[in-house]
Amino acid sequence: MEKEPEKADVSVSRRTRNKMRTREAILNAARECFGQGGVAGTTMDQIANEADVARATLFNYFPSKGDIVAVLVEELDEVFYRKIEALRKKPLTTAQRLDRLMRTTGKEMEESPPYIRTIVGASELGWNENVGAARFGRLIVEFQKMLEDGLATGEVRDDIDIRVLAEIVTSCLVGIVHNWRLDETYPLAKRMTEAGYFLAQTIVKPGQS
């Protein structure tokens, strides 16, 4: 007699899905609250109420407000890193990739929901020990990968250390975003477009742009 196939343990996957939904509800609530009142002006109780979860449940998922901020910052970072990776795969010159990255990022951030500006500010102030210098180190590394692609094809200048070029690009991006974070009237898209053009001309060998 053939053995009946074992039934899948659907209860485990259901619990997992429920946990994922609860976690996302909390993050969505935090985005809404941070966008309205900022990080400092938002309490964990407000986030719990907005997410429609018990206070104990909230603290079970995120022990502190800083932990929520860290996740939201990481999400923003990963979106940007994926954008760099996608551009590296496109049949473009390094100058074109860098120019497009800066232009599209500026436009998207300028049109982003209010919580984005708040999270950028919170990340600069270091609400969580996981949010800090390591982020900028990773950003330099990701830019360096893009520049190394151009170095390998002979597009990017080789008279300046590639790490230094990556630091220059990173500092330019971070500085412009910082100015936007402080001034709601700051023309982010325009500045990023101009910076993208300048950096694209700066990193390449003469005659390669």
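Everything numeric here is computed off the predicted structure, so don't read it as measured data. Residue positions are given per chain, counted from 1 along the sequence in the order it is written. It should be noted that, the model being predicted, local features are given only for residues of pLDDT at least 70 and side-chain atom pairs only at 80 or more, the latter also being counted only at that level, while totals for whole chains, interfaces and linings use all residues. Excluding hydrogens and water, the side-chain figures rest on all heavy atoms present in the structure.

Glancing now at the overall build of the protein chain. Only runs of H or I of at least four residues qualify as helices and only runs of E of at least two qualify as strands under DSSP, and these elements are numbered from the N terminus. For the protein chain, the helix and strand inventory stands at nine helices and zero strands. Going from N to C terminus, the protein chain has its helices and strands arranged as α-α-α-α-α-α-α-α-α. Burial analysis of the protein chain (209 residues in total) assigns 39% to the buried set. Contacts are assigned to residue pairs with any non-hydrogen atoms lying within 4.5 Å of each other. Residue pairs in contact within the protein chain that sit at least 24 positions apart in sequence constitute 69% of those at least 6 positions apart. Note on areas: Shrake-Rupley with a 1.4 Å probe; residue coverage comes only from the protein chains shown. Surface accessibility of the protein chain: about 12,000 Å² in total, with carbon and sulfur atoms responsible for 52%. Here's how the labels work: a residue is buried when its accessible area is under 20% of the maximum for its type, exposed when over 50%, partly exposed in between, all with a 1.4 Å probe on protein chains only.

Attention shifts here to the nonpolar core. With 56 residues, the main nonpolar core has Phe34, Ile47, Leu58, Ile68 and Phe143 as its most contacted residues. Aside from chain neighbours lying at most four places away, what touches isoleucine 47 is Ile26, Ala29, Ala30, Cys33, Phe34, Thr42, Leu58 and Ile68. Here, nonpolar core refers to any group of buried Ala, Val, Leu, Ile, Met, Phe, Trp, Tyr and Cys residues whose side-chain atoms link them within 4.5 Å.

This next bit is on the packing of aromatic side chains. Between rings of Phe, Tyr and Trp, where Trp is taken as its six-membered ring, a pair exists when centres lie within 6.5 Å; planes separated by under 30 degrees are stacked, by over 60 edge-to-face, and by other angles tilted. Applying the stated criterion across every chain, the model contains one aromatic pair. When the centroid spacing of 6.0 Å and the interplanar angle of 70° are considered together, the rings of phenylalanine 80 and phenylalanine 143 count as edge-to-face. Pair noted here: phenylalanine 80 is in helix H4 (residues 65–88) and phenylalanine 143 is in helix H7 (residues 133–152), with a separation of 63 residues, a long-range link. Here the two residues phenylalanine 80 and phenylalanine 143 agree in accessibility, since each one is buried. Any Lys NZ or Arg CZ found within 6 Å of a ring centre and within 35 degrees of that ring's normal is scored as a charge over the ring. The ring of phenylalanine 136 is capped by arginine 135, whose NZ or CZ atom sits 5.3 Å from the centre of that ring. The ring of tyrosine 186 carries arginine 191 above its face, with NZ or CZ at 5.5 Å from the centroid.

Nothing here speaks to function; it is all geometry.
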